[in-house]
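Spelled out, the chains give:
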Amino acid sequence: MLNKMPCAADKLNLLEPTMIQFVVEASTFKLGSQYLAEDRVRIAVADAELITSVVIGASGPHKQTIHLKDGTLITQCSCTSTAQPLCRHCVAVLLAYHRWGNPQPPETSPGKPMTEAPPEARQSATPVAEISLRDLMAFVEWFQVAVSALERGHPLPESPKLGTAEVRGWIDTLSDLAKEWDRYKSQMRGTAADLEKQGSQLESLLRSVKGASAAL
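Residues numbered from 1 in each chain as written. Predicted model: local features only at pLDDT ≥ 70, side-chain atom pairs only at ≥ 80, totals over all residues. Heavy atoms only, no water.

Draft legend 1. Inspection of the side chain of Thr28 at higher detail. Here Thr28 is to be found in helix H2 (residues 26–37). Classification of Thr28 by relative accessible area gives buried; the value is 8%. Those residues in contact with Thr28, other than ones at most four positions away along the chain, are Ala83, Leu86, Cys87, Arg88 and Val91. (Helix = DSSP H or I, 4+ residues; strand = E, 2+ residues; numbered from the N terminus. Buried < 20%, exposed > 50% of the residue type's maximum accessible area, 1.4 Å probe, protein only. Contact = heavy atoms within 4.5 Å.)

Draft legend 2. Layout of the pairing of strand E3 (residues 50–57). Buried residues dominate E3, accounting for 7 of its 8 residues. Relative to E3, strand E2 (residues 41–46) runs antiparallel, the two being bridged by 5 bridges. Its bridge partner being in E3, Val45 is matched across the sheet by Thr52. Taking the residues that link successive antiparallel strands as the turn, the E2-E3 hairpin has 3 residues. Summarising the sheet, E3 and strand E4 (residues 60–69) pair through 8 bridges and their orientation is antiparallel. Across the sheet, the residue bridging to Ile51 is Ile66, located in E4. The antiparallel pairing of E3 with E4 creates a hairpin that spans 2 residues between the two strands. (Pairing = 2+ DSSP bridges.)

Draft legend 3. How the structure looks around the nonpolar core. Membership of the largest hydrophobic core comes to 28 residues, with the highest contact counts inside it found for Leu12, Ile66, Leu73, Leu86 and Leu94. If you list the elements that add at least two residues to this core, you get H2, E3, E4, strand E5 (72–77) and helix H3 (88–101). Sorting elements by how many residues they give to this core places H3 first, with 8 residues. Setting aside chain neighbours within four positions, we find Leu86 in contact with Asn3, Met5, Ile20, Val24, Thr28, Leu73, Thr75, Val91 and Leu94. The next biggest cluster of nonpolar side chains, apart from the first, holds 7 residues, and it includes Phe139, Ala146, Leu162 and Val167. (Core = buried A, V, L, I, M, F, W, Y, C linked by side-chain atoms within 4.5 Å.)

Set out below in structure tokens:
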């Protein structure tokens, strides 16, 4: 999905969350904020004018390219969302980049010194799985080719060599589903052939009955 919109900011990190919230649907902003809070955003390249990233959405990872040029914000995402002018994945990326480019100190109560979080809190804040960005980008490219192959009835492409166990698990899951689908189609073809054979036998039986009835 490719979108373009006028942009008053001259740098991507100057896009305030309130500015983003103003131009998108409330549900889109909410989901983008949720993806950010759940650490689903992986930024590969980022500067004042260009961001390349991957967001792990509800249906899998999606790749984004966000470009600010001559007062126009150009966003492209591999998802199928029709949300305008930004999808939830691009919202999450812009929010993540704004946070990265404008870090805020942790809030403390007046007069109370800042203390280190207890070990259990630090552990809960750690992502469950550290996913290599290189592996994630490779999976997105493989996934797009795989979907196209399935739509054409072709076998899945050879899977990339990945070091992240979770991403390899995604590929294994999709491969297993593709095998199940092939088995299902084979069973359906066998069922259709059996029905056609039974139909021919029934027609032959009916002709025999009609012939016998006419002879009486």
